[in-house]
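Residues per chain are reported as follows:
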Amino acid sequence: MTVARSKVRTAVPPREREMHRQDIRARPVRLKDQAAEAPRSPASASDAAAGERRISAASRYGLDAFAFFVANLQTGFGPFLAVYFSQAKWTQSDIGFALTVGSLVALLGQVPGGAFVDVVRSKRFAAAVAVIGIAGSAFALAVWPSFPVVLLAMAAHSAASCVLTPAIAAISIGLVGRAHAGERLGRNASFAALGNALGAAGMGAIGYCLSNGAVFYLTAALGIPTVIALARIRARDIDPGVFKEPSSPEAPRAAGQDGIRTLLTNRGLLCFSACMVLFFLANAAMLPLVGSVLTLRASETATALVAACIMVPQAVLAVSAPAVGRAAERFGRYPVLLLGFGALPVRGLMLAYTTNPYGLVAIQVLDGISASVLGVMVPLIVSDLTRGTGRFNLALGAVGTAMGIGAALSTSLAGVMADHLGSHSAFLGLACVGFAAFMLVALIMPETRQSEVRPAEQAA
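Described below are features of the structure shown in this document. On a predicted model such as this, the values are computed, not experimentally measured, just so you know.

**Quick notes on the overall build of the chain**
Phase 1 of the analysis: Each helix and strand counted, the chain has 22 helices and zero strands in total.
Phase 2 of the analysis: Of all 460 residues assigned to the chain, the portion counted as buried reaches 46%.
Phase 3 of the analysis: When contacts within the chain are restricted to residue pairs at least 6 apart in sequence, those whose partners lie at least 24 apart make up 85%.
Phase 4 of the analysis: Of the roughly 22900 Å² that the chain leaves accessible, carbon and sulfur atoms contribute 65%.

Below you can see the structure in the form of structure tokens.
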């Protein structure tokens, strides 16, 4: 049987067996895709990953720390300014004039600040200059609290803030790409809220235990960890062309298109700016009006309740901002924006018909919802609307100007209504303006999210 089996094996001639071996070896070579075997370039690999860019842990955590310390830094220029000036025996007119100078520079400097960030090659450099300017302003306020120095310091702080806000947004989107911008901006807002809360608590304790001037020494000192956190963000992880790439081959950027023309011819950007004017016209005066009502209804605990009204939205913002960013990427910008705008008129109505001081504090949860939505959606929508123009920061400054105009008019409008009609009617009036802002978003705002299209799909 062994011999018979060997005869079966040798039934095939050696030459034919050799031919079969060659065919088997040759067949995979013919079936191989030459394009698949070619080495992939970094650009095609990133396109195939649909925007999933790998960044170092140092850059990611550095941006977290930078957002946190920037919020600490800015907290020193909040309510502590009026307390500091009052302790220095300034008149109310001088205090008002100094604050007005800062507000005017902040309003007029939004567009130039954004244009500067667009022009400068390194966004980290722009952010570092702004941080040094803010820390230097705080140091000047602490050391030389004279009227001319204070005016210069307030102007310098406002101008630096106009640069810092778009610089942080540019670094964030350049770091993670457009596909993950919403989640990253939500993470920034969360760390900023934590920074605001802890900064206010720490500075309040230092002001109480030491002096109000020590608050500004601490603010100036916070510039050091802020710059260190910024240095942790690696320049090579930031994509410099993320705002200049054309959105599609069919719609390249027009040659010679300047910044002003970009703003005036962008219908979506104009609509969004109009919505933001109405939102801040209704929103900016609500918290000061709540403070006045709390002072009248619960004078003994008014300070603690006002502090709680500030802390509650920050806590909501810290918790919900990352979820808002993820929802914006999953469901689109339009429904999330409607949620943030819809919370505003509801809040106004509830404030108008609530008499319990603790109920007024609880209603501020709605303020936290609106703040978390706008904190993420403003830079995200502006990034969508200016895609392919290279004018993201300029447009972000223009929207910031619109927000400043609405906020400036809001306090005057609420003050007139409260004096002539009472706080109840003032809250109702602000709620009506907020409802108008909601309806404007519902009627004129487009969905701005754009899907990431791969080059192979574009060619097809």
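**So, the pattern of salt bridges**
Phase 1 of the analysis: Under the counting rule described, the total for this entry stands at five salt bridges.
Phase 2 of the analysis: Close ionic contact of R184 with D64 constitutes a salt bridge, the shortest N to O distance being 2.5 Å. One end of the pair, R184, is in helix α11 (residues 181-209); the other, D64, is in helix α5 (residues 57-75), and 120 residues separate them in sequence. Here the two residues R184 and D64 agree in accessibility, since each one is buried.

**Section: a nonpolar patch on the surface**
Phase 1 of the analysis: On the surface, a nonpolar cluster with roughly 390 Å² of combined accessible area is contributed by F139, V143, W144 and Y217.
Phase 2 of the analysis: Its place among the elements puts Y217 in helix α12 (residues 212-221).
Phase 3 of the analysis: For Y217, a relative accessible area of 42% gives the class partly exposed.

**Re helix α16 (residues 286-297)**
Phase 1 of the analysis: Over its 12 residues, α16 runs 16 Å from end to end, which matches the ideal 16 Å to within 8%, given 1.5 Å per residue.
Phase 2 of the analysis: Those residues of α16 that fall on the buried side of the exposure criterion are M286, L289, V290, G291, V293 and L294.

**As for the nonpolar core**
Phase 1 of the analysis: Core analysis: the biggest nonpolar cluster contains 69 residues, and F272, M276, L337, F341 and M377 have the highest contact counts within it.
Phase 2 of the analysis: Element by element, the count of residues in this core is highest for helix α19 (residues 357-385), at 13 residues.

**Observations regarding helix α10 (residues 147-176)**
Phase 1 of the analysis: In a regular helix each residue adds 1.5 Å, so 30 residues correspond to 44 Å; α10 covers 44 Å between its end C-alpha atoms and thus fits that length.
Phase 2 of the analysis: Most of α10 sits out of view: 22 of its 30 residues are buried.
Phase 3 of the analysis: Where α10 terminates, the next one or two residues include G177, which has phi positive at roughly 85 degrees.

**Observations regarding the state of the cysteines**
Phase 1 of the analysis: Across all of its chains, the model carries zero disulfides by this definition.
Phase 2 of the analysis: Of all cysteine sulfurs, the one in C275 lies closest to C271, which takes part in no disulfide; the gap is 6.8 Å.

**Considerations on the packing of aromatic side chains**
Phase 1 of the analysis: Taken as a whole and assessed by the stated rule, the structure comprises 10 aromatic pairs.
Phase 2 of the analysis: Relative to F147, the ring of W90 has its centre 5.6 Å away and its plane inclined at 50 degrees; by these criteria the two rings are tilted. With a gap of 57 residues between them, W90 in the loop between α6 (80-87) and α7 (92-108) and F147 in helix α10 connect regions that are remote in the sequence.
Phase 3 of the analysis: According to the relative accessible area criterion, W90 is buried, its value standing at 14%.
Phase 4 of the analysis: Under the relative-accessibility criterion, F147 is labelled partly exposed at 30%.
Phase 5 of the analysis: Ring pairing ties together the aromatic residues F77, Y84 and F216, which thus form one cluster.

**Describing the environment of P148**
Phase 1 of the analysis: Of note, P148 is situated in helix α10.
Phase 2 of the analysis: Overall, the relative accessible area of 53% leaves P148 in the exposed class.

**Observations regarding the environment of I132**
Phase 1 of the analysis: Along the chain, I132 falls in helix α9 (residues 123-143).
Phase 2 of the analysis: With a relative accessible area of 56%, I132 lands in the exposed category.
Phase 3 of the analysis: When the C-alpha positions of I132 and A160 are compared, they lie 8.5 Å apart, and in sequence the two are 28 residues distant.

**Digging into the packing of helix α15 (residues 267-283) against helix α18 (residues 333-352)**
Phase 1 of the analysis: Between α15 and α18, the least distance of the axes is 10 Å, while the angle of their chain directions is 30 degrees. In terms of orientation, α15 lies roughly parallel with respect to α18. Where α15 crosses over α18, the handedness of that crossing is left-handed. Taken together, the residues of α18 that come into contact with α15 (itself represented by F272, C275, M276, F279, A282 and N283) are L337, G340, F341, L344 and R347.

**With respect to the packing of α11 against α19**
Phase 1 of the analysis: Their axes nearest at 9 Å, the elements α11 and α19 cross at an angle of 140 degrees. In terms of orientation, α11 lies oblique with respect to α19. Relative to α19, α11 is oriented so that their crossing is right-handed. Residue-level inspection shows A181, G182, L185 and G186 of α11 in contact with α19, the latter providing V376, P379 and L380.

**So, the side chain of S372**
Phase 1 of the analysis: Positionally, S372 belongs in helix α19.
Phase 2 of the analysis: What makes S372 buried here is its relative accessible area of 1%.
Phase 3 of the analysis: Separated by 3.3 Å, the side chains of S372 and S320 make a polar contact.
Phase 4 of the analysis: For S372, the side chain forms a polar contact with the main-chain oxygen of I369, separated by 2.8 Å.
Phase 5 of the analysis: Ignoring any residue separated from it by four or fewer positions in sequence, one finds S372 in contact with L317, S320, A321 and V324.

Reading guide: rules and limits
Residues numbered from 1 in each chain as written. Predicted model: local features only at pLDDT ≥ 70, side-chain atom pairs only at ≥ 80, totals over all residues. Heavy atoms only, no water. Helix = DSSP H or I, 4+ residues; strand = E, 2+ residues; numbered from the N terminus. Buried < 20%, exposed > 50% of the residue type's maximum accessible area, 1.4 Å probe, protein only. Contact = heavy atoms within 4.5 Å. Areas by Shrake-Rupley, 256 points an atom, 1.4 Å probe, with all protein chains shown as cover. Salt bridge = Lys/Arg side-chain N within 4 Å of Asp/Glu carboxyl O. Patch = residues over 30% accessible without salt bridge, like charges linked within 9 Å, V, L, I, M, F, W, Y side chains within 5 Å. Expected span 1.5 Å × (residues − 1). Core = buried A, V, L, I, M, F, W, Y, C linked by side-chain atoms within 4.5 Å. Disulfide = S-S within 2.5 Å. Phe/Tyr/Trp six-rings, centres within 6.5 Å; stacked < 30°, edge-to-face > 60°. Axes fitted to C-alpha atoms, helices over the stretch in contact; angles between N-to-C directions. Parallel < 35°, antiparallel > 145°, perpendicular 65-115°, else oblique. Left-handed = near helix turned anticlockwise from the far one by under 90°. Polar contact = N/O pair within 3.5 Å; in protein donor to acceptor, adjacent residues only side chain to side chain.

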